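Examination of the molecular architecture
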Amino acid sequence: MKYLKVALVAVLSTLICLSFSTPFYAKGETAFRYAYAGDYDENADNLPYFCEEKSLNSALFAIPKTYCVEILKEDGEWYYCRYAKDEGAYRALRGYCLKRTLTPVESPFENEYLNYTFPVEFYAPQTNTQIDQFKVTLTVSFYGNGTMNASGMSYAFYDGKFGYVAGRITDYPKNDLPQPTLSTDIKQPENSVNATLITAAVITVVAVIAVAVLYFAGKRPKLPPKSEG
């Protein structure tokens, strides 16, 4: 009986310790895998820039309005993320976005990234006024608006190369952003801390009851004194 009590107390003590150390995820908690850019003002200061490094000085372009990035990992105030995919006229880019400029979401929108191409005209230097100026029109893939030398530019992709094209693109199609839902039901927020405390309390009560039962079960009843003679 003595060894049984010791073993049971040890097991219950271990369970109590685990209840505090192991996280219990409450219903509704999810790890966000995507984040989207809102319908922002192009002239705002806090634009959702896609950067090569964790610095706005390395910004390439602003994520197009209402489109998503895939979050690969969190790094302080930054998301390390992917924009676009290796499909069609696009290639996936991996870089950094400031968390505060994006809104996390559980799943991407129907159109995860903007698939939008536009024509760009290139002119050769005219050396003879009697000959029409030579012109070439290329169709490039638009990634987002950026800035170069204080001028508005479009970051684009063509034939395996990225670069800037003069002018900004603003008339591209947008996703429908999710609308906030209002509920008349008032519910207490559930979180992992509450779940852990409740579980720990239950295990603690069970442990106390079990120890008490073993204590009383292990006590020997006092025998009446033997009568002499």
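Please read these numbers as outputs of a predicted model, since none were measured by experiment.

**Focus on the packing of aromatic side chains**
Given two aromatic rings, one states the distance between the centres and the angle between the planes to describe the pair. Enumeration over the complete set of coordinates arrives at 19 aromatic pairs. Here the aromatic rings of Phe-142 and Tyr-172 are separated by 5.9 Å at their centres, their planes lie at 35°, and the arrangement is tilted. In this pair, Phe-142 is assigned in strand β9 (residues 135–148) and Tyr-172 in the loop between β11 (161–166) and α2 (192–218), connecting sequence segments 30 residues apart. For the pair formed by Phe-142 and Tyr-172, the shared burial category is buried.

**Re the nonpolar core**
A general tendency of soluble globular proteins is for nonpolar side chains to be buried together. Grouped together as the largest cluster of nonpolar side chains are 34 residues, with contacts concentrated most on Phe-50, Phe-61, Tyr-83 and Tyr-143. Counting residues per element, the ones that place at least two in this core are β3 (59–62), β4 (68–75), β5 (78–83), β6 (93–98), β8 (117–123), β9 and β10 (151–158). Among the nonpolar cores identified, the runner-up in size contains 5 residues, and Tyr-34, Tyr-36, Val-105 and Phe-109 belong to it.

**A short note on unusual backbone geometry**
Residues other than glycine seldom take positive phi values, yet Asn-149 does so here, at roughly 55°. Along the chain, Asn-149 turns up in the loop between β9 and β10. Despite not being glycine, Asp-159 has its phi angle at roughly 50°, a positive value. Residue placement: Asp-159 occurs in the loop between β10 and β11.

**Some points on the pairing of β9**
As judged from the 7 bridges shared by β8 and β9, these two strands associate in the antiparallel manner. Bridging from a neighbouring strand, Val-120 pairs with Leu-138 of β9. In terms of strand pairing, β9 meets β10 through 7 bridges, oriented antiparallel. Looking across to β10, one finds that Phe-142 is bridged to Ala-156.

**Looking at the pattern of salt bridges**
As a working rule, side chains carrying opposite charge can pair if their charged atoms are close by. Going through the model one piece at a time under the given rule, you end up with 9 salt bridges. Among the salt bridges present, the one from Asp-75 reaches Lys-54, with a minimum N-O distance of 3.0 Å. Here Lys-54 lies in the loop between β2 (49–51) and β3 and Asp-75 lies in strand β4, a separation of 21 residues in the sequence. By relative accessible area, which is 43% here, Lys-54 ends up partly exposed. The partner of Glu-77 in a salt bridge is Arg-100, and the shortest N-O contact between them spans 3.8 Å. In this pair, Glu-77 sits in the loop between β4 and β5 while Arg-100 sits in the loop between β6 and β7 (103–105), placing the two residues 23 residues apart along the sequence. It is possible to trace a salt-bridge network through shared partners that takes in Arg-33, Glu-70, Arg-82, Lys-85 and Glu-112.

Reading guide: rules and limits
- Residues numbered from 1 in each chain as written.
- Predicted model: local features only at pLDDT ≥ 70, side-chain atom pairs only at ≥ 80, totals over all residues.
- Heavy atoms only, no water.
- Phe/Tyr/Trp six-rings, centres within 6.5 Å; stacked < 30°, edge-to-face > 60°.
- Helix = DSSP H or I, 4+ residues; strand = E, 2+ residues; numbered from the N terminus.
- Buried < 20%, exposed > 50% of the residue type's maximum accessible area, 1.4 Å probe, protein only.
- Core = buried A, V, L, I, M, F, W, Y, C linked by side-chain atoms within 4.5 Å.
- Pairing = 2+ DSSP bridges.
- Salt bridge = Lys/Arg side-chain N within 4 Å of Asp/Glu carboxyl O.

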